[in-house]
Amino acid sequence: TFVRQILQARAAREDTPPDWCYVFNFEDPRRPRALSLPPGLGPKMQWDMTELVSDLRRAIPGALESDEVAGQRNQIVEERGRVAANAMEELKTELEDNPYVALIGGKDAMMVVAARGGEPLPSDVYNELPEDVRETIDAHVRDAGKQLFQIQRKVHRLQRDAREKVAEFHQEVTRQVVTHHIAVLLEKYSEVESVKSFLHLVGEDMVKNADEFITANGDSGDGSRALGPDQEEFFTRYRVNPLVTNAPGSGAPVILESNPSLKNLLGQIEGQMRFGVMVTDFSRIAPGAAHRANGGYLIVKAEDVLTRPLVWPALKRTLQTRELRPADAASELGVFATESLEPQAIPARIKVVLIGEPHYFYLLQGVDVEFAELFKVKVDFTPHMDRTADTERSYARFVAAECEREGLSPFDSEAMARIVEEGSRITGDQTKLTTRLREVGDLVKEAAHHSRVAARDVVTAEDVETALRQRARRNRRPHRQLLEMIERGVLSFEPEGEAVGQLYGIGLLSLSDEAFGRPIRVMASAFLGTRGVINIEREARLSGRIHNKGFLVLSGYLGWRFAQSRPLILSASLSFDQLYEEVEGDSASAAELYALMSAISGVPVRQGIGVTGAVNQEGLILPVGGVTQKIEGFYAACERVGFTGEQGVMLPRRNVENLVVRREIREAVAEGRFHVWAIDRVEDGWPILTGLQAGETTEDGTFPEGTVHHAVMARLSDWGEKWKGFGSGQRQEDEGDEE
């Protein structure tokens with residue numbers, strides 16, 4: 001949307017590109033010519049040429065069939081006919097005096113035969129004559145035959161000359177008629193040299209083919225003669241195919257092609273079956289999006305271009321050669337096809353804008369060395385913008401524009417505030433607003449629908465809330481089923497009381513259009529040994545690399561906090577209850593650390609508190625993703641089993657700005673029915689989970705009594721002393737068994 005708006009604003013100030021038409025090439029019909037015309041003249045020229053042919057189909061036969069032209073034509077024929085007749089009469093007169101020969105046959109097929117007394121001799125009589133007499137007759141026949149042949153040649157020349165003179169006369173008459181009609185168009189297109197050149201060629205071809213304007217297969221009823229199939233094909237040569245036309249003063253075109261197939265992008269040469277054979281002509285050249293965008297901007301999605309066969313190479317070739325040619329998929333694939341056309345290329349003055357996710361840019365940059373040469377400008381759009389008073393007003397303008405465009409009721413201020421809040425919720429950040437406005441626009445339409453159902457003149461915050469609830473109901477069937485399993489006890493969730501070595505983390509389940517949190521019980525057990533901390537999920541190959549990394553941090557923290565002056569004697573294991581899919585991410589590492597230290601120390605933790613957050617080796621709580629959905633998921637689970645007033649979620653303080661929770665949760669927090677705690681370090685969470693302080697290290701390296709750290713250190717020290725009590729042989733045997 002943004003790219004299109006920017007380009008349209010820029011294109012409106014730029015020059016309007018010319019129209020492009022394809023016309024017949026009288027020198028080489030297989031290579032149609034491309035004509036450039038000022039904007040808007042393409043369709044006009046098409047109409048003018050259609051009218052020109054229609055007018056000349058009446059004017060040329062009318063002129064050739066006029067009395068004056070008929071008289072001159074007859075005069076030409078009669079003059080040459082008289083000369084031919086006179087020559088033939090002279091021959092007849094001369095041969096009448098020769099008793100040995102006679103002329104037989106009509107005027108178009110005469111021949112000389114033997115005769116006696118002017119009468120032809122039958123063959124049997126001729127054969128009975130003396131030889132010397134036959135020789136005399138034959139000599140006269142040969143001489144007379146030569147004379148007849150000469151006269152016949154002269155007659156044929158005269159007839160041919162008559163036809164040529166008549167044809168020249170017809171062409172001259174036709175030339176005068178054509179010149180008169182074309183002169184009007186030459187004046188109209190006097191400033192377009194390419195059109196003037198084409199019109200001159202049209203005139204010459206019409207004069208040369210004057211007979212085609214006379215031939216007809218009946219009458220069309222308007223004074224012009226109807227065309228047969230062959231004649232229709234002939235007169236196609238005078239058509240104009242306006243491939244691309246632009247309104248004068250409209251600026252440069254901005255074309256968004258949503259389906260950039262080879263045909264849609266670069267056009268094609270269409271054909272039709274005639275007598276079982278595929279035929280085509282220049283009038284069947286169809287434009288593509290690149291033709292319509294020529295002189296302006298073409299917007300296509302990178303994913304669509306790369307997933308359509310042959311499109312990317314064809315698009316590159318167009319940009320490299322700066323020529324637009326209709327697509328020919330058969331030739332691209334090297335497949336034999338029937339003979340087609342080779343239209344003249346149209347100069348390409350086009351800027352292509354590829355839109356896509358960043359990985360498409362890096363993919364093309366990595367696999368196509370020519371990509372950087374063709375696409376030199378990279379614009380990286382963030383999916384969000386800062387939430388300020390100005391951007392909130394921009395959201396209001398966007399909603400107002402949507403309402404005006406779709407004919408929706410206006411939004412009141414509270415409804416508008418809910419739309420802005422949803423814009424932050426989509427980004428997962430209180431300080432940002434999403435720039436992907438399709439989802440916001442859909443919410444606007446749905447809220448307006450609920451307002452219309454309620455017969456309200458304006459859209460209220462209640463309508464927006466209804467739309468959000470309905471959307472959640474449609475999209476969250478898996479979440480409802482999970483909550484039902486929690487309510488029935490199929491999934492264990494007991495958010496009350498205290499327990500040692502266990503508490504609830506919060507997982508994030510993502511679907512295509514939704515994400516929701518679910519409580520996951522983290523369980524830890526600790527005992528004497530030197531195996532360290534074992535991740536059961538990893539051993540079962542149910543954890544991803546990021547989760548494994550977060551888990552390994554736990555040993556680093558324990559060593560940093562409790563093993564500065566003595567070895568860490570510990571064996572422990574951690575697992576997630578009733579989780580059978582792969583675990584990924586480090587957002588459970590804080591919950592795992594609390595469960596582990598509770599198991600070591602024996603200090604119970606409150607079960608009604610869900611924990612999310614990553615941790616580093618020095619105990620700093622790091623931000624994680626999806627905190628809003630995690631809080632809402634934990635809240636929904638607590639709601640199903642019943643609130644106790646002590647339940648809530650503990651999260652990294654650095655995630656506070658990411659919280660955009662629903663109003664019902666904000667109200668529950670305000671009323672004290674639910675709680676949200678933000679912490680900076682692991683130590684900050686112990687008073688919330690246990691009511692005990694974590695405990696700071698004293699000068700002698702110990703921790704104050706009554707603190708969690710003191711209990712952990714005491715248990716580790718006890719295990720260390722017990723470990724020393726084992727004999728070295730026993731320890732080696734044990735260690736061998738462990739290996």
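As a convention, each chain's residues are numbered from 1 in the sequence order in which they are written. This being a predicted model, a pLDDT of at least 70 is required before a residue's local features are given, and a value of 80 or more before pairs of side-chain atoms are given or counted; all residues contribute to the totals for chains, interfaces and linings. As a rule here, side-chain values come from all non-hydrogen atoms in the structure, and water together with hydrogens is ignored.

K.L.:
Looking at this structure, how should I read the overall build of the protein chain?
P.N.:
Working definition: helices are DSSP H or I runs of at least four residues, strands are E runs of at least two. Numbering for both runs from the N terminus. Scanning the protein chain for helices and strands turns up 28 helices and 28 strands. Only protein chains enter the accessibility calculation, which uses a 1.4 Å probe; a residue is then buried when its area is under 20% of its type maximum, exposed when over 50%, and partly exposed in between. Buried positions account for 44% of the 739 residues belonging to the protein chain. Residue contacts are counted whenever heavy atoms from the two residues lie within 4.5 Å of one another. A fraction of 73% describes how many contacts in the protein chain between residues 6 or more apart in sequence connect residues 24 or more apart. For the area figures, the Shrake-Rupley method with a 1.4 Å probe applies, and any residue is considered shielded solely by the protein chains shown. Summing over all exposed atoms, the protein chain offers an accessible surface of approximately 39200 Å²; the carbon and sulfur share of this is 49%.

K.L.:
Would you mind going over helix α27 (residues 708-725) with me for this structure?
P.N.:
Within an α-helix, residues lying three or four positions from one another point in the same direction, as the helix has 3.6 residues per turn. A helix's residues, less one, multiplied by 1.5 Å, set its expected span. Here α27 spans 26 Å end to end across 18 residues, near enough to the 26 Å set by a 1.5 Å rise per residue. Restricting attention to buried positions, one finds in α27 the residues Val 708, His 709, Ala 711, Val 712, Met 713, Leu 716, Ser 717, Trp 719, Gly 720 and Trp 723.

K.L.:
How should I be thinking about the pairing of strand β27 (residues 648-652) in this particular structure?
P.N.:
On a regular strand, one side chain projects to one face of the sheet and the next to the other, so that they alternate. Counting buried residues in β27 gives 5 out of 5 residues, a clear majority hidden from the surface. With 5 bridges joining them, β27 and strand β28 (residues 675-679) adopt parallel strand pairing. Along β28, the bridge assignment pairs Val 649 with Val 676. Handedness of the crossover is the feature at issue here: the chain leaves β27, passes through helix α25 (residues 663-671), returns alongside β28, and the resulting connection is right-handed. Pairing between two strands is assigned when DSSP locates at least 2 bridges connecting them. Looking down the strands as they point away from you, a crossover is right-handed if its path from the first strand over the helix to the second goes clockwise.

K.L.:
Help me out: how do you make sense of the environment of Leu 7 in this one?
P.N.:
Mapped onto the secondary structure, Leu 7 falls in helix α1 (residues 2-11). When its relative accessible area of 10% is taken as the criterion, Leu 7 is described as buried. C-alpha separation for the pair Leu 7 and Tyr 297, spaced 290 residues apart in sequence, amounts to 7.5 Å. In this view, Leu 7 contacts Val 254, Tyr 297, Ile 299 and Val 353; residues no more than four positions away in its chain are not counted.

K.L.:
Got a minute to help me understand unusual backbone geometry in this structure?
P.N.:
Glycine aside, a negative phi is what most residues show, and trans is what most peptide bonds show. The backbone of Leu 310 shows a phi angle near 70°, a positive value even though the residue is not glycine. Tracing the backbone through its elements, the reader meets Leu 310 in the loop between α11 (302-307) and α12 (311-321). Even without glycine at this site, Arg 322 takes up a positive phi of about 55°. With respect to the helices and strands, the residue Arg 322 is situated in the loop between α12 and β13 (323-324).

K.L.:
Can you help me understand helix α23 (residues 589-601) in this one?
P.N.:
Taking 1.5 Å per residue as the helical rise, α23 with its 13 residues ought to reach 18 Å, and the 18 Å between its terminal C-alpha atoms agrees with that figure. Most of α23 sits out of view: 13 of its 13 residues are buried. Immediately downstream of α23, the backbone of Gly 602 shows phi near 80°, a positive value.

K.L.:
Would you mind going over the sheet that holds strand β1 (residues 19-23) with me for this structure?
P.N.:
Note on sheets: strands pair through backbone hydrogen bonds, and any given pair is parallel or antiparallel. A sheet is described by the order of its strands in space; here 3 strands give the open sequence β2-β1-β6, paired in antiparallel fashion. Looking at which strands have only one partner, the edges of the open sheet turn out to be β2 (33-37) and β6 (241-244). Taken over all neighbouring pairs, the strand axes of this sheet differ in orientation by 35° on average, direction set aside. Pairing analysis gives 5 bridges linking β1 to β2, with the strands arranged antiparallel. Directly across from Asp 19, in β2, lies its bridge partner Leu 37. Each axis is a line fitted through C-alpha atoms, taken for helices only over the stretch in contact, and angles between the N-to-C directions span 0 to 180 degrees.

K.L.:
Would you take a moment to explain the side chain of Glu 683 for this structure?
P.N.:
Residue position: Glu 683 is located in helix α26 (residues 682-690). Polar contact is the term for a pair of N or O atoms within 3.5 Å; when the atoms are in protein, one must be able to donate a hydrogen and the other to accept it, and sequence-neighboring residues count only if both atoms are side-chain atoms. Here the side chain of Glu 683 touches Arg 561 through a polar contact of 2.6 Å, side chain to side chain. Dropping the residues within four chain positions of it, Glu 683 is found in contact with Tyr 557, Arg 561, Gly 619, Ala 694 and His 709.

K.L.:
Quick question: what am I supposed to make of the packing of aromatic side chains here?
P.N.:
Two numbers describe a pair of aromatic rings. These are the distance of the centres and the angle of the planes. In summary, the pairing rule links any two rings of Phe, Tyr or Trp, Trp by its six-membered ring, whose centres are within 6.5 Å, and it sorts them by plane angle into stacked for under 30 degrees, edge-to-face for over 60 and tilted for everything else. Counted according to the given criterion, the structure contains 23 aromatic pairs. Between Phe 24 and Phe 282, the aromatic rings sit 6.3 Å apart at their centres with planes inclined by 55°, giving tilted as the arrangement. In this pair, Phe 24 sits in the loop between β1 and β2 while Phe 282 sits in the loop between β10 (277-279) and β11 (285-286), placing the two residues 258 residues apart along the sequence. Geometrically, the ring pair formed by Phe 234 and Phe 235 is edge-to-face, given 5.3 Å between the ring centres and 85° between the ring planes. The pair formed by Phe 234 and Phe 235 is uniform in burial state, with each residue classed as buried. Clustering of aromatic rings is evident, with ring pairs tying together Phe 24, Phe 26, Phe 198, Phe 213, Phe 234, Phe 235, Tyr 238 and Phe 282. Charges are assigned to positions over rings by a cutoff of 6 Å between ring centre and Lys NZ or Arg CZ, combined with an angular limit of 35 degrees from the ring normal. The positively charged end of Arg 673 is found above the aromatic ring belonging to Phe 643, 5.9 Å away from the centroid.

K.L.:
Please explain the sheet that holds strand β12 (residues 297-301) as it appears in this structure.
P.N.:
Strand order in the open sheet formed by 3 strands is β7-β12-β15, with parallel pairing between adjacent strands. Both edges of this open sheet fall to β7 (254-256) and β15 (351-355), since each of them pairs with a single strand only. On average, each strand axis in the sheet is inclined to that of its neighbour by 20°, with strand direction left out of account. The pairing of β7 with β12 spans 3 bridges and is parallel. Across the sheet, the residue bridging to Val 254 is Tyr 297, located in β12. Helix-sheet contacts for α1 involve β7, β12 and β15, and the interaxial angle to β12 is about 170°.

K.L.:
How should the nonpolar core be read in this particular structure?
P.N.:
The nonpolar side chains of a soluble globular protein tend to be buried with one another. Remark: nonpolar core denotes a set of buried residues (Ala, Val, Leu, Ile, Met, Phe, Trp, Tyr, Cys) joined through side-chain atoms within 4.5 Å. Core analysis: the largest hydrophobic core is formed by 48 residues, its most contacted members being Leu 558, Leu 570, Tyr 594, Ile 600 and Val 611. Counting residues per element, this core draws most heavily on α23, which supplies 9 residues. Among all residues touching Leu 558, those that are not within four sequence positions of it are Val 533, Ala 563, Leu 568, Leu 570, Leu 593, Leu 596, Met 597 and Ile 600. Val 23, Val 195, Val 202 and Tyr 238 belong to the second-largest nonpolar core, a separate cluster that totals 34 residues.

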